[in-house]
Amino acid sequence: MMALSDSNQTGTGDDGNAEAGGFIRLFAPAKINLYLHVLGQRDDGYHLLDSLMAFAGIGDVIAVRAREGITLSIDGPFASRIDAGGDNLVLKAARALRSATGIKSGAEIILTKNLPVASGIGGGSADGAAALRALARLWGISLDKSAMAALALGLGADVPFCLEGRAAFVGGIGEEITTAPTLPDAWVVLVNPLTPLSTPAVFKARTGEFSPSGRFDAIAGNGGELAALLTERRNDLTQAAISLMPEIGEILAAFEVLPNCLLGRMSGSGATCFGLFADEPSARDAEKTLMAGKKWWVKAAALIGDARDLDEEGKV
Ligand code: C5P
């Protein structure tokens, strides 16, 4: 376990609304871009996006309890891979919340890092959003929704969506969130090649025309209907990501030959890709097949449209 402290911050140790056992624990689910269109680019370099985003029933866990100062320790399978300096989004979230409210309380924060880092499934963004929610609860802060959303956007383009916690069409650079039609019960298999891929580098490598918006009103009744809608859309960052990391092409090819895989696609700026499946048994079969190669991180998980009531293990 790595232990870090933000020694510039001092606190009163005021324990706010701590729950039984002292720790408030929140699940920080992976996000999935079911499609991602790049619509344009702003003068400051950020890209205007249109994406249908949802969650998977796998994620990191944030635990917080009252103490003096702010400390962050990291455990879990990807603890050693995370950049946990002052730039860590969890510490940034704590600092942003304190400076927005003037609150002086401290917190011991433990991050259990189950998701690969810099991987297109929003691990850092999910952690930042969960830290904001957990610390607001610990410290008894009730900022209004728009103030929290502004804090979230300051942490990263995907953080407002993670804070919202519901499947949505996401626009602008990530700040325009429109609740999406209900998603069907379906499963995904996430595959990551275990090499981080830099989001700015992928955006920089993108070439070609911009796309129109891909939003739809239809309600997909099952995984097959969702796949049909998604097949007419795409992830516009795929070619750029493959040009930087050809292994992404291998992962997508592996999905193409899997029985029962309804769609294979990259999420976000990569490198994680997801296969869409109608149900858990077909996703588990695919997980087994893909794990046999043993070189990738492979996880089957439920597709989640509403992550707000998930427990710390990602279950309803
Ligand atoms: O906001 P976030 O830290 O996730 O973004 C990382 C980088 O990805 C940005 O600095 C920018 O280069 C690129 N990006 C972008 N357009 C977006 C989101 C991110 O160009 N909408």
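Each value, and the rule that gives it
- Residues numbered from 1 in each chain as written.
- Predicted model: local features only at pLDDT ≥ 70, side-chain atom pairs only at ≥ 80, totals over all residues.
- Heavy atoms only, no water.
- Buried < 20%, exposed > 50% of the residue type's maximum accessible area, 1.4 Å probe, protein only.
- Helix = DSSP H or I, 4+ residues; strand = E, 2+ residues; numbered from the N terminus.
- Arc of directions from axis to C-beta.
- Contact = heavy atoms within 4.5 Å.
- Polar contact = N/O pair within 3.5 Å; in protein donor to acceptor, adjacent residues only side chain to side chain.
- Phe/Tyr/Trp six-rings, centres within 6.5 Å; stacked < 30°, edge-to-face > 60°.

A. Fine view of helix α6 (residues 223–231). Within the sequence span of α6, burial applies to Gly-223, Leu-226, Ala-227, Leu-229 and Leu-230. Viewed end-on, α6 has its buried residues packed into an arc of 160°, placing them on one side of the element. In this structure, the buried side of α6 is in contact with β2 (24–41), β3 (47–65), β9 (263–266), β10 (273–277) and β11 (297–304). Between a side-chain oxygen at the N-terminus of α6 and the backbone nitrogen of Gly-224 the separation is 3.1 Å; the capping residue is Asn-222.

B. Representation of unusual backbone geometry. Look at the link from Gly-270 to Ala-271: it is a cis peptide, with omega at 5°. Following the sequence through the fold, Ala-271 ends up in the loop between β9 and β10. With a phi angle near 65°, Leu-194 is a residue other than glycine that sits in the positive phi range. By secondary structure assignment, the location of Leu-194 is in the loop between β8 (187–192) and α5 (199–205). What makes Leu-194 partly exposed here is its relative accessible area of 29%. Backbone geometry at Asn-260 places phi at a positive 70°, although glycine is not the residue there. Mapped onto the secondary structure, Asn-260 falls in the loop between α8 (247–256) and β9.

C. Quick peek at the packing of aromatic side chains. All chains considered together, the criterion is met by four aromatic pairs. Where Tyr-35 meets Phe-169, the ring centres are 6.4 Å apart and the plane angle is 45°; that geometry is what we call tilted. Linking Tyr-35 in strand β2 with Phe-169 in strand β6 (residues 168–171), this pair joins segments that are 134 residues apart in sequence. Residue classification places Tyr-35 among the buried residues on the basis of a relative accessible area of 0%. On the basis of relative accessible area, Phe-169 is assigned to the buried category, the value being 4%. On the basis of an interplanar angle of 90° and a centroid distance of 5.4 Å, the ring pair of Phe-169 and Phe-216 is categorised as edge-to-face. Taken together, the residues span a long stretch of sequence, with Phe-169 in strand β6 and Phe-216 in the loop between α5 and α6 at a distance of 47 residues. Across the pair, Phe-216 and Phe-169 agree in class, each one buried. What links up through ring pairs into an aromatic cluster is the set Tyr-35, Phe-169 and Phe-216.

D. Broad picture of the environment of Val-38. Examined against the element boundaries, Val-38 turns out to sit in strand β2. For Val-38, a relative accessible area of 0% puts it in the buried group. Look past the residues within four positions of Val-38 in its chain and what remains in contact with it is His-47, Leu-48, Leu-49, Arg-206, Phe-210, Ser-211, Asp-236 and Leu-237.

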